[in-house]
Amino acid sequence: HLFQTEDQIIRHLGAKCVSTYVVYHILKSGTVDAVWQQRCVEAFLSPVPGADLDSCLWSLTDVLKRLLKSSHQVNVNNENKREESLVSSFDSSLNALCSEFLPEGKKLFTSFPKTSSNHWETTFCLLLDLLEALTASGLRCGFSLPSQRLVHTRCPALLAVISGSSQYFVKKKVLLLLKRTVLQRSGEDWTSGEVLPNIPEYQQLDADVNVLAQTVLTAVEDDWLQSIEVKSVSFFGGTGHVGGDGGEEADFVMLRAVSLLLLKSMEVHVHWAGKPALDGAKEDYGYLQRLWSFLRRSSLELRNVTHLCHWVSVLFGEQDDDMVEAAKVFTMVSSRRPSSGLDDVAEQEAACASSCNPHCHFLLLLQSISFDHSILLDFLISAETCFLDYFVRYLKHVINDWQGFSRACQRVDKSRRPVALQQSVTRKSRTSGAECSSVQNPPLEPSGAIRLVDYDSSDQSESEDMDISEVDPATSVCEKQETAEATAFVKHKQYTSSECTGALTAVAPQSGQIPGCETSARALACLSELRAVVMRLRTKKLFPYNPSSLLKLLALTVTLDTLRNPQSLFFIN
């Protein structure tokens, strides 16, 4: 009877106590408590928004979350069987529940049918939490039941909720759920274990994500983006609509979720469709134009961006993992762009006009961290971002398009103050006015950036000043992997082994040198120093994985600068 009481505190404590007992019973006996199961199934089969259904939804979600959190502490196979038994016992009732709240075949842009109860939003949000837990159980445990695929199969109805007449917080919660699902990060806020890929029992995962991506792209083609409501950032006085020139700051959480949902859906579509480059590029640019139109309509700050490549840094500057995901998609889109027959300068202008210049994205990322290689190292060893995948893709791209990289550096040099950094400072100045003076004028040297990890404090590490000339000569073995062209040039310049691994010094170009050298030199200095530190950590067996391929790409990138731009010799120690 505690599930039905109107006192929310007592109802919550009752559901929590019941969930604790159910988890204990499952871990000890491997079976689901029959009384609790029957009570929840009855509530799901006859769903009426209210206290009883809310308690059952919360209790099942809590039990599933606790089992997922404990999966790394016990035998994985046994834990998978327990979770499979739990989910399968509710599978049919959960499908019936979602048929009421998220009916199949729901057309977009129609008002979602609310019940007469005023409790609908609370119940629906609890259902969304349960759907995320079910999706996370499929990712972590490697089995697939229909109830674990509800987010994918009910995607049209979820999109209709976002564009319908629901409360704003409900739309936002649905959007964040879809974003985490397409990124395969469901439950990342509360699970302890990592996603277990390539599990034989769950081969349909990629197909399910593709279904979700196709649904999103179809909705975008039907102008779904135009129906999304974006409010200003929440504050103690509430929120307001964005669209005028009143200076309201748009809800960037909402904008980031919409952008990543579309960008990631594009990436999944490319992986599955395999269309010719020309047709694929036209599709990509069509989606990006629709996205940019939506962002301009929703945010005054983004509306003032003149160089479109900057909007990625402006929008994702506060979320490293989301920014890396977006940059990875843009690198993929750029690699699909066929030759337009234009000259190099015009082709780069066209890429920037469509916000698809990966060189600009990478340089803006380096500027945002003051060209500090230690922060890139943090990204490389972090499990919270896909930076390694993006970084390898970009290094391959820059090797094949060195002229594009050089022109992007020249373009960045023309602006003394990058728009992305300026916009970031503008946002931060509203809450930390006095502190902004130190951000607006970042120091020239990379040492001015804040390090996320102090590697000098390691008991196993020697004192490091990041000077590559002190690297153990044995670490230069990776230079044998450089291309024959780069190696021949290095030998022609009669560099020693230690000189070949020397860092580029980030000094400003003197008058008379080619334009763009300052940004280019600082970027290549950052890459060279990063390569040196990775080599040292690998030699000491402190690097978490084998970085041989990464070191080869870094070495080739730095050496190609020497090969194709002899003036850069002035910047080498």
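Residues numbered from 1 in each chain as written. Predicted model: local features only at pLDDT ≥ 70, side-chain atom pairs only at ≥ 80, totals over all residues. Heavy atoms only, no water.

Student: Just to check I follow, could you spell out the overall build of the chain for this structure?
Tutor: Across its full length, the chain holds 26 helices and zero strands. The 573 residues of the chain split such that 53% are buried. The long-range fraction of contacts in the chain, counting pairs at least 24 apart against all pairs at least 6 apart in sequence, stands at 76%. As presented, the chain carries roughly 25700 Å² of accessible surface, and 51% of it is formed by carbon and sulfur atoms. (Helix = DSSP H or I, 4+ residues; strand = E, 2+ residues; numbered from the N terminus. Buried < 20%, exposed > 50% of the residue type's maximum accessible area, 1.4 Å probe, protein only. Contact = heavy atoms within 4.5 Å. Areas by Shrake-Rupley, 256 points an atom, 1.4 Å probe, with all protein chains shown as cover.)

Student: Looking at this model, I keep getting lost on the packing of aromatic side chains. Mind explaining?
Tutor: In total, this model carries 15 aromatic pairs according to the counting rule given. When the centroid spacing of 5.4 Å and the interplanar angle of 75° are considered together, the rings of W36 and F90 count as edge-to-face. Of this pair, W36 sits in helix 2 (residues 34-45) while F90 sits in the loop between helix 4 (76-89) and helix 5 (91-101), and the two are 54 residues apart along the sequence. Comparing W36 with F90 shows no difference in burial state: the two are buried. (Phe/Tyr/Trp six-rings, centres within 6.5 Å; stacked < 30°, edge-to-face > 60°.)

Student: It is not clear to me how the UniProt feature "domain: Protein Lines C-terminal" (unreviewed entry) in the chain should be interpreted in this structure. Could you clarify?
Tutor: Here, the residues flagged by UniProt with the feature "domain: Protein Lines C-terminal" (unreviewed entry) are residues 524-555. When the span residues 524-555 is considered, its composition is 75% helix and 0% strand, and the gap between its end C-alpha atoms is 10 Å. (UniProt positions renumbered as here; feature names shortened; annotations may be inferred.)

Student: I tried to follow empty space enclosed by the protein on my own but got confused; where do I start?
Tutor: Over the atoms, a rolled probe matching the size of one water molecule traces out where space is still vacant. The final tally for this structure, using the stated rule, is five cavities of 30 Å³ or more. The calculated volume of the second largest cavity comes to roughly 60 Å³. V312, S313, M323, V324, A327, H361, L365 and Y390 are the residues that line the second largest cavity. Every element with two or more residues in the lining of the second largest cavity is listed here: helix 14 (310-316), helix 15 (320-335) and helix 17 (358-368). (1 Å grid on protein atoms, 1.4 Å probe; cavity = no way out; pocket = protein on both sides within 12 Å on 5 of 7 lines; lining within 4 Å. Points joined across faces, edges and corners; volume = space filled by probe spheres on them.)

Student: Can you help me understand the packing of helix 8 (residues 155-163) against helix 9 (residues 168-182) in this one?
Tutor: The description of two helices packed together rests on the angle between their axes and the distance between the axes. Orientation of helix 8 relative to helix 9, taken along the N-to-C sense of each, is 145°, at an axis distance of 8 Å. The handedness of the crossing between helix 8 and helix 9 comes out as left-handed. Where helix 8 approaches helix 9, its residues C155, L158, L159, V161 and I162 are matched on the opposing element by V170, K171, V174, L175 and L178. For the contact of helix 8 with helix 9, the per-class residue count stands at nine nonpolar, no polar and one charged. (Axes fitted to C-alpha atoms, helices over the stretch in contact; angles between N-to-C directions. Left-handed = near helix turned anticlockwise from the far one by under 90°. Nonpolar A, V, L, I, M, F, W, Y, C, P; charged D, E, K, R; others polar.)

Student: Any chance you could explain helix 10 (residues 205-221) here in plain terms?
Tutor: Since the α-helix turns once every 3.6 residues, residues separated by three or four places project in the same direction. For helix 10, which comprises 17 residues, the first-to-last C-alpha distance of 25 Å matches the rise-based estimate of 24 Å (1.5 Å per residue) to within 8%. Along helix 10, the residues that are buried comprise L205, D208, V209, N210, L212, A213, T215, V216, L217, A219 and V220. Looking one or two residues past helix 10, D223 carries a phi angle of roughly 65°, positive in sign. (Expected span 1.5 Å × (residues − 1).)

Student: What exactly am I supposed to notice about the environment of L53 here?
Tutor: The topology assignment puts L53 in helix 3 (residues 51-69). For L53, a relative accessible area of 2% gives the class buried. Between the alpha carbons of L53 and R39 there is a distance of 9.7 Å; along the sequence they are 14 residues apart. When near neighbours in sequence (up to four residues on either side) are disregarded, L53 contacts A43, F44, P47, V48, L97, F101 and T123.

Student: Please clarify how the pattern of salt bridges should be interpreted in this entry.
Tutor: Pairing of side chains with opposite charge becomes possible as their charged atoms draw close. This model, assessed by the stated rule, comprises 19 salt bridges. Measuring nitrogen to oxygen at the nearest pair gives 3.3 Å for the salt bridge that ties E229 to K171. With E229 in the loop between helix 10 and helix 11 (252-273) and K171 in helix 9, the pair connects residues that are 58 residues apart, well separated along the chain. Residue classification places E229 among the partly exposed residues on the basis of a relative accessible area of 21%. Among the salt bridges present, the one from K264 reaches E325, with a minimum N-O distance of 3.4 Å. One end of the pair, K264, is in helix 11; the other, E325, is in helix 15, with 61 residues separating them in the sequence. (Salt bridge = Lys/Arg side-chain N within 4 Å of Asp/Glu carboxyl O.)

Student: Sorry if this is basic, but what is going on with the packing of helix 2 against helix 3 here?
Tutor: Running from N to C, helix 2 and helix 3 cross one another at 125°; their axes reach a closest spacing of 9 Å. What the angle tells us is that helix 2 and helix 3 run oblique. In this structure, helix 2 crosses over helix 3, and the sense of that crossing is left-handed. When helix 2 is examined against helix 3, the residues W36, R39, C40, A43 and F44 are found in contact with a partner set consisting of D52, L53, C56, L57, S59, L60 and V63. Across the contact of helix 2 with helix 3, the residue classes break down as nine nonpolar, one polar and two charged. (Parallel < 35°, antiparallel > 145°, perpendicular 65-115°, else oblique.)

Student: Would you explain the confidence of the model for the chain in this entry?
Tutor: Mean pLDDT for the chain: 75, with 67% of residues reaching 70 or above. Note on residues 416-516: pLDDT is under 50 here. Beyond four places in sequence and across chains, it has 144 contacts. Long-range and interchain partners of residues 566-573, a stretch whose pLDDT sits below 50, account for 20 contacts in this model, where long-range means more than four residues apart. (pLDDT = per-residue confidence, 0-100.)

Student: Explanation requested: helix 20 (residues 402-414) in the structure shown.
Tutor: In this model, helix 20 (13 residues) spans 19 Å end to end at C-alpha, consistent with the 18 Å of a helix rising 1.5 Å per residue. Among the residues of helix 20, W402, G404, F405, R407, A408, C409 and V412 are the ones counted as buried.

Student: It is not clear to me how the environment of L225 should be interpreted in this structure. Could you clarify?
Tutor: One can find L225 in the loop between helix 10 and helix 11. With residues up to four places along the chain from it excluded, the contact list for L225 reads V220, V258, L262, R290, L291, F294 and R297.

Student: What's the story with unusual backbone geometry in this structure? I'm lost.
Tutor: The bulk of non-glycine residues show a negative phi, and the bulk of peptide bonds are trans. One non-glycine residue, Q184, lies in positive phi territory at about 60°. Mapped onto the elements, Q184 comes out in the loop between helix 9 and helix 10. At K541, a residue that is not glycine, the phi angle is positive and equals roughly 60°. Tracing the chain through its elements places K541 in the loop between helix 25 (517-539) and helix 26 (548-564).

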